[in-house]
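What the coordinates show
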Amino acid sequence: MKARAIDSTAGAFVLLAATAVAALSVILGAQFVFGRILENPGVAAWSPVLLESLFTIAVFGILGGIAGLAVRRFGGRAGAGPAAAVSAGVGVVAGAAGLGIAIALSALAGVAHAGEGGGAGALLLAGAVVTLIQTGAEELYFRGWLQPHLESGWGRWPGLAVTALAFAALHFVSGAFEWLSFVNLVLAGLWFGLLAQRSGGLALPIGAHFGWNWAEEMLFGATPNPGVSSFGTVFDWDLTGSPLWGGSSEGLNASLSASFVLIALVIVAASWRGFSSPGRRG
């Protein structure tokens, strides 16, 4: 298959179906295999950190590998983009700050309360590495591989929107079942996609994605809700009360707090002219 065939209108449909099938196969296959492995009492006794790390690295290592091979063969947006280090740093700050503002909005609504599980620990570094692997693979898969070809086949905005929907659908399969979670994941996908378009690379969206996820889990301890992750957290904020402000098992992901912040971030990103014109990168 030639690159120009992928970038046709019909080719974009085939590509979307192929990437969806590949992602579903990897996720559901990993869940099945790990489920069978955990039936072994010896393996089930391993530390939660080790089990979570192995599962995450397996799933997203495979997805990232698929995307990397596809981009190398057919083209895409694989580079870091201009001023990569600065872009990544700005992305991390923007993601973490956005998450912090969402926590603050939930606190104003009377839903966010300080827990007792905070405290820096050595496992936070391991958690950051695992989070970076996950977010980097997701960005390469969606914004590096899928989005540029959908943009070429269908146009900039349809390609961006469908990629964001596919990104949200992947998380739905992984367990984000609340309708507001889906809305917020679409908004997040739009934000990351716009950052990739405007910056011309992946450093900025990877930084933003990492900053949001890392701050939610390992800085503010807002996921899982309630409680803290196996890697620990610096602060521990539990969200209890109205589900619309994060007081459900899906926490900020299913909150209006995150919706307001993400809408603002999408507007800012859409208004930014960026470093270069968007399009498919070879």
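Look above for the structure.
Keep in mind the model is a prediction, meaning the values are calculated, not measured.

**Some remarks on the overall build of the protein chain**
Within the protein chain one finds 10 helices and two strands. Along the protein chain, helices and strands appear, N-terminal first, in the series α-α-α-α-α-β-α-α-α-α-β-α. Compactness check: the protein chain gives a C-alpha radius of gyration of 19 Å against a globular reference of 19 Å for 282 residues, within 12% of the reference. Principal axes of the C-alpha set define a box for the protein chain whose edges measure 55 × 45 × 35 Å. Every one of the 282 residues in the protein chain was classed for burial, and the buried ones make up 48%. Across the protein chain, contacts joining residues at least 24 apart in sequence account for 75% of those joining residues at least 6 apart. Carbon and sulfur atoms make up 72% of the accessible area of the protein chain, which totals about 12200 Å². Computing the positive centroid from 12 side-chain charges and the negative centroid from 13, the protein chain places the two 26 Å apart.

**Some words on helix α8 (residues 179–199)**
Taking 1.5 Å per residue as the helical rise, α8 with its 21 residues ought to reach 30 Å, and the 30 Å between its terminal C-alpha atoms agrees with that figure. With 18 of its 21 residues buried, α8 lies for the most part within the structure. Gly200 occupies a position one or two residues after α8 and carries a positive phi of about 80°.

**So, the packing of aromatic side chains**
Scanning all chains against the criterion turns up 10 aromatic pairs. With centroids separated by 4.7 Å and ring planes inclined at 55°, the aromatic side chains of Phe13 and Trp154 adopt a geometry described as tilted. With a gap of 141 residues between them, Phe13 in helix α2 (residues 9–37) and Trp154 in helix α6 (residues 123–154) connect regions that are remote in the sequence. Assessed through its relative accessible area of 51%, Phe13 is described here as exposed. Residues Phe142 and Phe167 carry aromatic rings whose centres are separated by 5.6 Å and whose planes lie at 85° to one another, so their mutual orientation is edge-to-face. You can see Phe142 sitting in helix α6 and its partner Phe167 sitting in helix α7 (residues 156–174), a full 25 residues away along the chain. The pair formed by Phe142 and Phe167 is uniform in burial state, with each residue classed as buried.

**Section: the packing of α6 against α7**
Packing of α6 against α7 brings their axes to within 7 Å, and their N-to-C directions diverge by 145°. Considering only the axes of α6 and α7, their crossing is right-handed. Listed contacts from α7 to Glu138, Phe142, Arg143, Leu146, Gln147, Leu150, Glu151 and Trp154 of α6 are Arg156, Pro158, Gly159, Leu160, Val162, Thr163, Ala166, Phe167, Leu170 and His171. Classifying every residue of the contact of α6 with α7 by side-chain character gives 10 nonpolar, four polar and four charged.

**Remarks on the packing of α6 against α8**
Put simply, α6 and α8 touch, their axes get as near as 10 Å, and they point 70° apart. Taken together, α6 and α8 sit at an angle that is classed as roughly perpendicular. Packed against α6, whose contacting residues are Glu139, Arg143, Gln147 and Glu151, the element α8 presents Gly189, Phe192, Gly193, Ala196 and Gln197 at the interface.

Cut-off values and rules
Residues numbered from 1 in each chain as written. Predicted model: local features only at pLDDT ≥ 70, side-chain atom pairs only at ≥ 80, totals over all residues. Heavy atoms only, no water. Helix = DSSP H or I, 4+ residues; strand = E, 2+ residues; numbered from the N terminus. Rg over C-alpha atoms; globule rule 2.2 N^0.38 Å. Buried < 20%, exposed > 50% of the residue type's maximum accessible area, 1.4 Å probe, protein only. Contact = heavy atoms within 4.5 Å. Areas by Shrake-Rupley, 256 points an atom, 1.4 Å probe, with all protein chains shown as cover. Lys, Arg positive; Asp, Glu negative; His and termini not counted. Charge placed at Lys NZ, Arg CZ, Asp CG, Glu CD. Expected span 1.5 Å × (residues − 1). Phe/Tyr/Trp six-rings, centres within 6.5 Å; stacked < 30°, edge-to-face > 60°. Axes fitted to C-alpha atoms, helices over the stretch in contact; angles between N-to-C directions. Left-handed = near helix turned anticlockwise from the far one by under 90°. Nonpolar A, V, L, I, M, F, W, Y, C, P; charged D, E, K, R; others polar. Parallel < 35°, antiparallel > 145°, perpendicular 65-115°, else oblique.

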